[in-house]
Amino acid sequence: MEKEGAKSKTFGILGALTFLMMLVNLYLIFIWVPEEKILGLVQKIFYFHVGTAWVAFFAFFVVFIYSILYLKTKDSKWDRIASASAEIGTVFTTIVLITGPIWAKSSWNTWWTWEPRLTTSLILWFIYLAYILVRGFATEYQKKAQLSAVFGIIGFIDVPIVFFSVRWWSISHPTLFSGSGMNLDPEMLFTLLVSVASFTLLYFYFLGKLVSIFHVRAELAEIKRRLKEHLG
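Since the model is a prediction, treat every value here as computed from it, not as a measurement.

The rules behind the values
Residues numbered from 1 in each chain as written. Predicted model: local features only at pLDDT ≥ 70, side-chain atom pairs only at ≥ 80, totals over all residues. Heavy atoms only, no water. Phe/Tyr/Trp six-rings, centres within 6.5 Å; stacked < 30°, edge-to-face > 60°. Helix = DSSP H or I, 4+ residues; strand = E, 2+ residues; numbered from the N terminus. Buried < 20%, exposed > 50% of the residue type's maximum accessible area, 1.4 Å probe, protein only. Contact = heavy atoms within 4.5 Å. Salt bridge = Lys/Arg side-chain N within 4 Å of Asp/Glu carboxyl O. Expected span 1.5 Å × (residues − 1). Polar contact = N/O pair within 3.5 Å; in protein donor to acceptor, adjacent residues only side chain to side chain. 1 Å grid on protein atoms, 1.4 Å probe; cavity = no way out; pocket = protein on both sides within 12 Å on 5 of 7 lines; lining within 4 Å. Points joined across faces, edges and corners; volume = space filled by probe spheres on them.

### Describing the packing of aromatic side chains
In step 1: Under the definition given, this model contains 16 aromatic pairs.
In step 2: Feature note: the residues Phe30, Phe48, Phe92 and Phe199 constitute an aromatic cluster, connected by ring pairs.

Right under this line is the structure:
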């Protein structure tokens, strides 16, 4: 009970900190940071787009690491973390795919163009959507966990492809870096860093909550199994 109380307190502190950071983030984006001279107000979606993209990449890296740990140890707690992170990463990738076309419409006058970064991002979304579907359709836990772990490991290969696609192919997708450094004014850079930090805290809050839910589901499934064996 003491351990559960400490965990609940930690989640409470993390939740409050995440809430405050998100408020600060929204203030910086919509009030404090100046508008970009060419794109104007619509450029502010950049802070959501990059922040959620970072979280999506990080979430899939967590899936990659904990999938390897599960295959090595067969410990279900690693599988629960990987599964929770995959679901969160898929949600954030969906946000990336929504905000990207809005930005593209203002920059390129089209909602979608099949340039490498957008295309590889869409492929990444499909890979982890398949990961979630595998977990939903498979009934035997060991088979489900092993197959989804393989999906999680292989799927992560697409992450560096998405990240480096701007450098590997000559495309017009906006980039944060140039040969001389960052392509952002100090105010924009500060707001971007706060946005990334805010979405990262949000990720960890969601991860903790979702892992707890998966843990309770596993305990309920075990109780049902034991009852079935006892009564049957």
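There's plenty left to go through after this.
### Overview of the environment of Phe64
In step 1: In this fold, Phe64 is placed in helix α2 (residues 45-73).
In step 2: The class for Phe64 is partly exposed, based on a relative accessible area of 21%.
In step 3: Here the alpha-carbon distance between Phe64 and Ser85, two residues 21 residues apart in the chain, equals 9.7 Å.
In step 4: Those residues in contact with Phe64, other than ones at most four positions away along the chain, are Gly152, Ile153 and Phe156.

### Focus on the pattern of salt bridges
In step 1: Per the counting criterion, the structure on display carries two salt bridges.
In step 2: Here Asp79 ties to Arg135 by a salt bridge, and the two come within 2.8 Å at their closest N and O atoms. Remark: Arg135 occurs in helix α4 (residues 116-137) and Asp79 occurs in helix α3 (residues 76-108); sequence separation between them is 56 residues.
In step 3: Exposure remark for Asp79: the relative accessible area of 2% places this residue in the buried category.
In step 4: The shortest N-O distance in the salt bridge between Arg226 and Glu222 comes to 3.0 Å. Within this pair, Arg226 and its partner Glu222 are both found in helix α7 (residues 186-231), separated by four residues, close to a single helical turn.

### Structural notes on the environment of Ser165
In step 1: As for its position among the elements, Ser165 is in helix α6 (residues 158-168).
In step 2: You can call Ser165 buried: its relative accessible area is 0%.

### Looking at α3
In step 1: Along its 33 residues, α3 runs 46 Å from first to last C-alpha, staying within 8% of the 48 Å computed at 1.5 Å per residue.
In step 2: One side-chain oxygen of the residue at the start of α3 lies 3.1 Å from the amide nitrogen of Lys77, identifying that residue as Asp75.
In step 3: Following α3 by one or two positions, Asn109 has its phi on the positive side, about 60°.

### With respect to the layout of surface pockets
In step 1: Reported here for the second largest pocket is a volume of approximately 550 Å³.
In step 2: In terms of lining, the second largest pocket is formed by 20 residues, of which the most central are Tyr141, Lys144, Phe214, Arg217 and Ala218.
In step 3: Secondary-structure elements contributing two or more residues to the lining of the second largest pocket are α3, α4, α5 (141-155) and α7.
In step 4: Among the elements that make up the lining of the second largest pocket, the one with the highest residue count is α7 (10 residues).

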